[in-house]
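Inside the fold
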Amino acid sequence: MIKKVDIKHIIEHLYKQFVLLIIDLIEIYRLTTLKQEDMTIKSVWLDESEEECICCGGCEAICPEVFQVPVKMQVKRDVDYNLYEEGIKEAAQDCPTGTIKYDCSGKS
Ligand code: SF4
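Residues numbered from 1 in each chain as written. Predicted model: local features only at pLDDT ≥ 70, side-chain atom pairs only at ≥ 80, totals over all residues.

Before going further, it helps to spend a moment on the overall build of the protein chain. Scanning the protein chain from terminus to terminus reveals three helices and four strands. Along its sequence from the N terminus, the protein chain presents helices and strands in the succession α-β-α-β-β-α-β. By residue count, 14% of the 108 residues in the protein chain fall in the buried class. Taking the intrachain contacts of the protein chain between residues at least 6 apart in sequence as the baseline, contacts between residues at least 24 apart amount to 63%. (Helix = DSSP H or I, 4+ residues; strand = E, 2+ residues; numbered from the N terminus. Buried ≥ 20, exposed ≤ 12 C-beta atoms within 10 Å, placed from the backbone. Contact = placed C-beta atoms within 7 Å.)

So this is what it looks like as C-alpha cells:
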C-alpha cells in the first residue's frame, strides 16, 4: 500500500516537472525567434541631420563589405546587411560623429 502511494506521488511529480520543462522550452523558442527577428537589419544609411560625416574612414576600416568612403561615407548597394551585422553595429558605435544609422526592427 505504501509503495503504491509513493509511486503515484513520484509519477505526479515527474508529470509536473515535464509540463514545466515543456513550458520553458516553448518560452526559450519564442525568445530565440523574437531575438532573431529583432536583429534583422533592414537598412543602413548616413544621417547628417545633427552632425556631418568627417570622412575619417573608420567605418570602411571596420566593415569594408558595407561601407566605403570615397568622399563621404556611402553604403554599398546589394549587400545582405545581416551577413555583416556585427561590423555594422561596431562601425555605428565607433563612428565619431554618430552619423551611421541602421534599422534592425523593420520599423522603416
Ligand atoms: S566612421 Fe562616421 S565619420 Fe568616419 S567616415 Fe564613417 S560615417 Fe563618416
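Mapped onto the elements, G57 comes out in the loop between β1 (43-46) and α2 (58-62). By C-beta crowding, G57 is classed as partly exposed, having 13 other C-beta atoms within 10 Å. For the pair G57 and C95, spaced 38 residues apart in the sequence, the C-alpha separation amounts to 9.2 Å.

Residues in contact with the ligand amount to 14 residues; listed here are only the nearest, C53, C56, C59, M73 and C95. By residue class, the composition of the shell around the ligand is ten nonpolar, four polar and no charged. (Near = placed C-beta within 6 Å. Nonpolar A, V, L, I, M, F, W, Y, C, P; charged D, E, K, R; others polar.)

With that settled, consider unusual backbone geometry. Of note in this structure, C55 is not a glycine but carries a positive phi near 60°. Mapped onto the elements of the fold, C55 is located in the loop between β1 and α2. When the 13 C-beta atoms within 10 Å are taken as the criterion, C55 is described as partly exposed. Notably, D78 is not glycine yet its phi reads approximately 60°, a positive angle. Relative to the assigned elements, D78 resides in the loop between β3 (74-75) and α3 (85-94).

Moving on, we get to the nonpolar core. Ranked by internal contacts, the top residues of the largest apolar core, which has 14 residues, are C59, C63, V66, F67, Y81, I88 and A91. Elements supplying a minimum of two residues to this core: α2 and α3. Contacts of V66, omitting those with residues within four sequence positions, involve V44, V75, K76, V79, Y81, Y84, G87 and I88. (Core = buried A, V, L, I, M, F, W, Y, C linked by C-beta atoms within 7 Å.)

Attention shifts here to the environment of A61. Structurally, A61 is set in helix α2. What makes A61 exposed here is the crowd of 12 C-beta atoms within 10 Å.

Glancing now at the environment of E85. Inspection of the secondary structure assignment puts E85 in helix α3. Using a count of 17 C-beta atoms within 10 Å as the deciding quantity, one classes E85 as partly exposed. In this structure the C-alpha to C-alpha distance between E85 and C104, which are 19 residues apart in sequence, comes to 9.4 Å.

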